[in-house]
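Structural characterization, general
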Amino acid sequence: AYIANGGGGAGLIVAQTLAENGYSVLVVERGPTREVAGDPVQYKRFVGYERLYRQVNENVITRQGVRSNAGRVLSGGTAINQGIIIAETPEYFGWLNRAHGIDLDMTLINESYEYVFNRMSESPQTDSTLTGGTFDLPLDHLKEALTAEGFSPHDFHSETLFTDGWWQTYSAFNTTPGSYPTEPLNEIGVRAASDNFVDFSLPNLRIATDSTVLKVEFETPSDGSEPIAQCVLWEDTEKLDIVDQQVDYTEDPWKPAGGQLENAISKQKVAYWLLLLELSPAAPFAEYPGADSQDAQIARQIMMLQRLDAAVGGVGLHELGLERLDLPKSFGLGAGRFFPSVNELTKTDAGSAYIRRLARRLDSAASGGKIKRHRACLSDFAHAEIIMSAGAIHTPAILYKSGVGPKELIKDKYKYDLVVESPYLGKNLHDRLILPVATFIREEVRDAVTESAKTDYGKYDVLRATSAEIAGLSNFGSDCSSWEGLDNEDDTCAYVLIEENSFGHLIEGVLFQSRFIFPPSLRNSKAADTIMSYNKLCDAAVPDARFAPICKSINFQELYDCLERAAGWASIVSVPVSRGTIDLNEKGEVLVDPNYLDDPRDRRAAAEGVRKLRQLWTTVENDPTKRAIYESEDDSKNKQMCPATIFNILLSAAENIFSLFTLQSDNLVRLDMEKIINYLKAVIKDPMAAARDNTEGKPDSSRPKDPADRILYFPGLPNIEDIDDDKLMLDFYATFGTSMWHMAGTAKMGQDDDPTAVLRNDFTFKGAKRLAVIDASVFAQLTRANPAITVQALGRYAGLLRVQKNSAVSSSSTGASMPILSSLLQGGKIGG
């Protein structure tokens, strides 16, 4: 009998492997199924956009301000990633053995890879027929540019990476209409994820969705032997209210408690005026005599406040006092709006209680017992085991709350009872950075494709999204004469990984989730949150008539038109060497510190990545036929092009929002917005201003400029003449780089005599019995490219290891059933 805490990339596959071999398995997953979550986690036409849905995606705010992601849906990251299939080589696994003592059965590893390939991997079409034959795809240009810049061509589809060149990747999205899965879908781009491996009809496999694991409970033997993992405690996942769904506000665990309270108040205040936009002049006022009077407007607004309070669990705020909020005339909504005054809220018990609710400080008992708790315990079978598969962030966090981890955290800082001392749990955290740079297909080139491409490639995106369907990996630097690959220990040479992502919602999703166009210091400000909320409310993919006036006033549609024809190439820190930690704040929220670019080898990789991107695009600029497809400096002489359009629209939104706060006491929002406005103005003048630390925003006229016919970039790449400036290359990466959300390593595997290893080579936990970790936490070092398929393969591998071990011990161990749920509290939501 087994309990898997987390139904992600590895958790579902190890659960299925055990269940199909007769073992009882319970999976506890904090998110919903993909069917409940809806289209964004099921189809390629939404790829990129799914990361804007808080219902399925957790925004992870790192110490450096870089925003990352974690899946909050059954299938985990495989339901919200870009569907890129890149497996590692035998060389990588040999290095793990040599450098870290991780001795894996390569025959079983290969079998596991083949198992996941068969259900996850298809070879996407990558030729120009996708555009009706009217122009070459940006990925075609990338092939030629990579070859010209020293990447050896492997011009065929490969599920495994190459370390000396470029290749065509495989994809998790189907390429033949109706081919997979077997539902009657006559379109390409259906996403395969880890739930595709699950046989939900198996009676011995039970899955509790919308269930957040709180802790693992242990039995501590009186003889002093190792504690034994016994039970899992979880509660119903708290539902997102209407405000959480509509308003993109950052919950930053790094802020002190007072700052979080201020942020919660501002979030709700902004939510009120956004949602009250439904009180537009077009709304009916028939129930009020003299509907055009100011009294009737106020009466209707109070009525709508009452309705909104009921929807979001308020406390009758219309009785607590309102303050007037004047809207810009350009919104077309009339001058006056009213919402609760914070000063008035704090004067009453009900208002104070409301503020506490906003800060989410009420426990389940205080909230009326609406959140149910559940417990499941292992049976007495020898093979019974609790498997942590919640990912590299939440696996150590849950174990910390269970009394497992470094003594200085568990006992000294958190004041928990120390159950299992594991000094290196939560350490060795690493994540790879990505620098996305976009260009834009000319509008007339895109329009020429429309009719010819529509017929063959579906009713959604005219330009089908291409998601890392070309990748290149090689080493570059100032001195690569002694390059030793994964064994490299100097900072003169580094792996550079290049991937291509174009069209559809890809750039939009990356832009608005990661906010990479803002420096990290501004990405998580309340002002940035408010601007990004505009995007969510105005996006044509999820239209809402209530917000039409404000969206029209800022002309967001031009922004989306640009982003849908954006072609992006990205440089990636392939082998991150910097190491960080997982911690908890005083409220028990997870603190993620990957310590980005701390190691000089990572800084070398970042600088070489910017340099290589600039060189790759220069090969395109030097070819007039290729250059003619993209917006260029020449175009901007007669018309505003996409980079300027995007920045100006964001500036317009910022200035409009700024005017909303001029009459309020929320100085933090105003100050943040002033910084963003000044930043956007500086970037419009000089795209490289931020990377040059030019705080005054003045263009540096002493620098040589690229030719007038150079392609326009977003954000603006350094000039080709500047690529030998290592500091500028690194500053550019640090300014605009973001997380690729490949968090790994926080419970690394290794030999028994390795003091830094948290796990043994069979994934079992050192220092505790019947406890294992099977997810990206186990990596001593990340794979050199996208790790999802390797995480899934390790799930299969770990499951097969257990089947083999149990069979060797006793054939009677199989077939365990109901005892796994021996202590399940009544009211659990378990089913398949």
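Below: a short report on this structure.

What counts as what
Within every chain, residues take consecutive numbers counted from 1 along the sequence as written. Reporting of local features is limited, given that this is a predicted model, to residues whose pLDDT is at least 70; pairs of side-chain atoms are given and counted only at 80 or more, and all residues count toward the totals for whole chains, interfaces and linings. To obtain the side-chain values, all non-hydrogen atoms of the structure were used and water was disregarded. Paired strands, in this sense, are two strands between which DSSP finds at least two bridges. Each helix is a run of H or I in the DSSP string that is no shorter than four residues. Each strand is a run of E no shorter than two, and both are numbered from the N terminus. To get an axis, fit a line to the C-alpha atoms, keeping to the stretch in contact for a helix; angles then go from 0 to 180 degrees between the N-to-C directions. A pair of sulfur atoms, both from cysteines and within 2.5 Å, is called a disulfide here. Any two rings among Phe, Tyr and Trp, with Trp reduced to its six-membered ring, count as a pair given centres within 6.5 Å; such a pair is stacked if its planes are under 30 degrees apart, edge-to-face if over 60, and tilted if neither. Relative accessible area decides the class of each residue, using a 1.4 Å probe on protein chains only: under 20% of the type maximum gives buried, over 50% gives exposed, and in between gives partly exposed. Either the NZ atom of lysine or the CZ atom of arginine qualifies as a charge over a ring when it sits within 6 Å of the ring centre and within 35 degrees of the ring normal.

1. So, the sheet that holds strand E10 (residues 211-219)
Reading across from one edge, E10-E11-E14 is the order of the three strands in this open sheet, with antiparallel pairing throughout. Among the strands making up the open sheet, the edge pair consists of E10 and strand E14 (373-377). Each strand axis lies, on average, 25 degrees off the axis of its neighbour in the sheet, ignoring direction. Where E10 and strand E11 (residues 228-236) come together, eight bridges link them in antiparallel fashion. Bridge pairing links Phe218 to Ala229 in E11.

2. Quick notes on the state of the cysteines
All told, the structure shown has three disulfides when counted by the stated rule. Note that Cys480 is cross-linked by a disulfide to Cys493, the S-S spacing being 2.0 Å. Between Cys480 and Cys493 the sulfur-sulfur dihedral comes to about 95 degrees; the bridge is accordingly right-handed. Of this pair, Cys480 sits in the loop between strand E19 (466-477) and strand E20 (493-502) while Cys493 sits in strand E20, placing them 13 residues apart in sequence.

3. Section: the packing of aromatic side chains
Enumeration according to the criterion identifies 22 aromatic pairs in this entry. A centroid spacing of 5.5 Å and a plane angle of 70 degrees characterise the contact between Tyr49 and Tyr53, whose relative ring orientation is edge-to-face. Exposure remark for Tyr49: the relative accessible area of 2% places this residue in the buried category. The ring centre of Tyr424 lies 5.3 Å from the NZ or CZ of Lys427, which sits over that ring. Lying over the aromatic face of Tyr115, Arg796 brings its terminal NZ or CZ to 3.7 Å of the ring centre.

4. Some words on the pairing of strand E3 (residues 57-61)
One face of the sheet, then the other: side chains in a regular strand alternate in exactly this way. The buried fraction of E3 is high, at four of five residues. In this structure, E3 lies alongside strand E4 (residues 67-71), joined through five bridges in antiparallel fashion. Residue pairing in the sheet places Asn57 in a bridge with Gly71 of E4. Hairpin geometry of E3 and E4 is characterised by an intervening segment of five residues between the two adjacent antiparallel strands and by a positive phi of about 90 degrees at Gly65.

These values are about where atoms sit, not about what they do.
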